[in-house]
Amino acid sequence: MAEGFDFDVIVIGAGPGGYVAAIRAAQLGLKTACAESRETLGGTCLNVGCIPSKALLHASELFEEAHAGALAKFGIEIQGASLNLDQMHAEKAKAVKELTGGIEFLFKKNKVEWLKGQARFNDAHSLTVGDRTVTAKNIVIATGSSVTPLPGVTIDNRRIVDSTGALALPEVPKKLVVIGGGVIGLELGSVWRRLGAEVIVVEFLDEILPGMDAEVRKESAKIFKKQGFELRTGTKVTGAEASDTGVRLTVEPSKGGAAETLDADYVLVAIGRRPNVEGLGLDKIGLQQNNRGQVETDHDFRTRVDGVWAIGDVIPGPMLAHKAEDEGVAVAENIAGQTGIVNHAVIPSVVYTHPEIAGVGLTEEDARKEGEVKVGKFPFMANSRAKTNRDTDGFVKVIADAKSDRVLGVWIISSLAGTMIAQAAQAMEFGATSEDIAYTCHAHPTHSEALKEAAMAVQGKPIHI
Ligand code: FAD
Ligand code: NAI
């Protein structure tokens, strides 16, 4: 134990970054506490993010299959499948409760003390949490992020909701307008579309899913339109008027032009998230945020203030749970005097729609900016298992360096893309070439064979197309 302090480490925030950092620090023999102001542990991800959204995505997919007749072609005829939305929400809440309770159990098991309440700095080694003052040699800021507000569109979580509200709508909207064609908009838009809503996505840019490979963005848009989404790209919302029964939005082309109105019974605002630093007292320790409101760190997750570290959504980089978790392990190892590293070049991202959309590494556009590349593509239409399962939307795309053949990026649209991308991430972490993947034996018949064949296509010689 560090002399003169209550703890070796206090982590602020018990999301995937914070709770993982706290557990790892305790495992490494450090006396650890974690401050969390929510009633339950697990942060955004477990309470109002990854977990409840995936619960509704899974349930709504089952509903659509049963209700919309998708099973009939397999000889499964279901008449009168109907929706019990309360039960769907209840099952989601059960999953959340089990998982957040699981973190509480892990805290007890690893002797991490939960400091309940809002934490704020007194100085670099002292915090006030609720009515308690606590000190630590090291303090890790893992306060996460919250929804970015949209001026003129006030979230009331009745008719105009953020993602938390959209995870708990009391009824299926007749018409849902989603502002923002990013990950949240498409995942939660999918949930309510499958349950029967007409969904219109209003996206400021000319394409949905910014940051993803251009070809993937185009193909995804095609698939979403086929599913019944209306995608209004290149459009901005300039105002909203909510009543007890619905919302009237004013929209206009992003580049300027005539305004029009759009009526909906619910509106979801999903235009991004911003770091949580309000009320943290960063001024007390002389720590300034960058112009995006983030806390900057070096490669080891140290801030400019000695003894203060930061990880997860509050620092630069993709706002993803697995990125936060890996940073949580690394920061604890660095505090313990070990070498904790996160390779930020190989962080997969997945959109959990149907099909799923996943990528790791560089987009083709970014790879081309850095040098000559070779690209191999393979469509699921030519993959035997996907054909058998009647699940042929999408493709795999492998981008490799033209000279060294080293894999620079992999993009997958497929019902199993989220699972398949792990193989690509591992290959890239091991410095694989596309030839390495092409000559790795993949089980048949599996969707994963499409990755092998895309790698073969980089070499110019796939078998099945
Ligand atoms: P958070 O999870 O935000 O946790 C921070 C915690 O700190 C919060 O619990 C907060 O209450 C607490 N806190 C903040 N300030 C203080 C303070 N001063 N004192 C005490 N406690 C404080 N990512 C994925 O990788 N996969 C997904 O499928 C996915 N789905 C998502 C779906 C939705 C709807 C949303 C909104 C997000 C989703 N994300 C997903 C993103 C993911 O939730 C975040 O990247 C992740 O939670 C970040 O972890 P974190 O530990 O940095 O912060
Ligand atoms: P996002 O950054 O993914 O998408 C926001 C979208 O809104 C962008 O397409 C942007 O161009 C658009 N936009 C911005 N301002 C706009 C405006 N005024 N009008 C219309 N469109 C506008 O952000 P999102 O979807 O809110 O998600 C927040 C974060 O949560 C993401 O960074 C993501 O990483 C994380 N998340 C991850 C998930 C996953 O990993 N499956 C699931 C859900 C969220």
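What you are looking at is a predicted structure, and each value in this text was computed from that prediction instead of being measured.

1. Describing the site of ligand 2
Right, on to step 1. Near ligand 2 there are 21 residues, and of these Ile 184, Glu 187, Glu 203, Gly 272 and Val 350 occur at the shortest range.
Right, on to step 2. Taking Glu 203, its side chain carries an N or O atom lying 2.5 Å from an oxygen atom of ligand 2.
Right, on to step 3. Met 319 places a main-chain nitrogen or oxygen 3.0 Å from an oxygen atom of ligand 2.
Right, on to step 4. Its free accessible area being 840 Å², ligand 2 has 78% of it covered by the protein chains.

2. Some thoughts on the site of ligand 1
Right, on to step 1. Neighbouring ligand 1 are 38 residues, the closest being Glu 36, Thr 44, Lys 54, Ala 119 and Ala 321.
Right, on to step 2. Take Pro 16: an N or O atom from its main chain is 3.4 Å from an oxygen atom of ligand 1.
Right, on to step 3. Contact distances for ligand 1 include 2.7 Å between an oxygen atom and a side-chain N or O atom of Glu 36.
Right, on to step 4. A total of 1,000 Å² of accessible area belongs to ligand 1 in isolation, and the protein chains cover 93% of it.
Right, on to step 5. Among the secondary structure elements, those contributing two or more residues to the shell around ligand 1 are helix H1 (16-27), strand E2 (32-36), helix H2 (43-48), helix H3 (50-67) and helix H8 (321-335).

3. Brief notes about the UniProt feature "binding site: FAD" (unreviewed entry) in the chain
Right, on to step 1. The feature "binding site: FAD" (unreviewed entry), as given by UniProt, occupies Lys 54, Thr 143, Gly 144, Ser 145, Asp 313, Met 319, Leu 320, Ala 321 and His 322 in the numbering adopted here.
Right, on to step 2. Examined against the element boundaries, Gly 144 turns out to sit in the loop between strand E6 (132-141) and strand E7 (145-147).
Right, on to step 3. Ignoring sequence-local partners within four residues, the contact set of Gly 144 consists of Arg 274, Pro 275, Asn 276, Asp 313 and Val 314.
Right, on to step 4. In this structure, Asp 313 is in contact with Gly 144, Ser 145, Arg 273, Pro 275, Met 319 and Leu 320, ignoring residues within four places of it in sequence.
Right, on to step 5. Separated by 2.8 Å, the side chains of Asp 313 and Ser 145 make a polar contact.

4. As for the sheet that holds strand E12 (residues 235-242)
Right, on to step 1. What the three strands build is an open sheet, ordered E12-E13-E14; its pairing is antiparallel. Two strands in the sheet have a free side with no partner beyond their single neighbour: E12 and strand E14 (260-264). On average, adjacent strands in this sheet sit at an angle of 30° to one another, irrespective of strand direction.
Right, on to step 2. Summarising the sheet, E12 and strand E13 (residues 247-253) pair through seven bridges and their orientation is antiparallel. Note that in E13 the partner of Gly 239 across the bridge is Thr 250.

5. Side note on the state of the cysteines
Right, on to step 1. Throughout the structure, instances matching the rule amount to one disulfide.
Right, on to step 2. What pairs with Cys 45 in a disulfide is Cys 50, and their sulfur atoms sit 2.4 Å apart. For the disulfide bridge between Cys 45 and Cys 50, the dihedral angle about the S-S bond is near -130°, and by the sign convention the bridge is left-handed.
Right, on to step 3. Since its relative accessible area comes to 10%, Cys 45 is described here as buried.
Right, on to step 4. Between Cys 34, a free cysteine, and Cys 45, which holds the nearest cysteine sulfur, the sulfur-to-sulfur gap is 14 Å.
Right, on to step 5. What makes Cys 34 buried here is its relative accessible area of 0%.

What counts and what doesn't
- Residues numbered from 1 in each chain as written.
- Chains lettered and ligands numbered in written order.
- Predicted model: local features only at pLDDT ≥ 70, side-chain atom pairs only at ≥ 80, totals over all residues.
- Heavy atoms only, no water.
- Near = heavy atom within 4 Å.
- Polar contact = N/O pair within 3.5 Å; in protein donor to acceptor, adjacent residues only side chain to side chain.
- Areas by Shrake-Rupley, 256 points an atom, 1.4 Å probe, with all protein chains shown as cover.
- Helix = DSSP H or I, 4+ residues; strand = E, 2+ residues; numbered from the N terminus.
- UniProt positions renumbered as here; feature names shortened; annotations may be inferred.
- Contact = heavy atoms within 4.5 Å.
- Pairing = 2+ DSSP bridges.
- Axes fitted to C-alpha atoms, helices over the stretch in contact; angles between N-to-C directions.
- Disulfide = S-S within 2.5 Å.
- Buried < 20%, exposed > 50% of the residue type's maximum accessible area, 1.4 Å probe, protein only.

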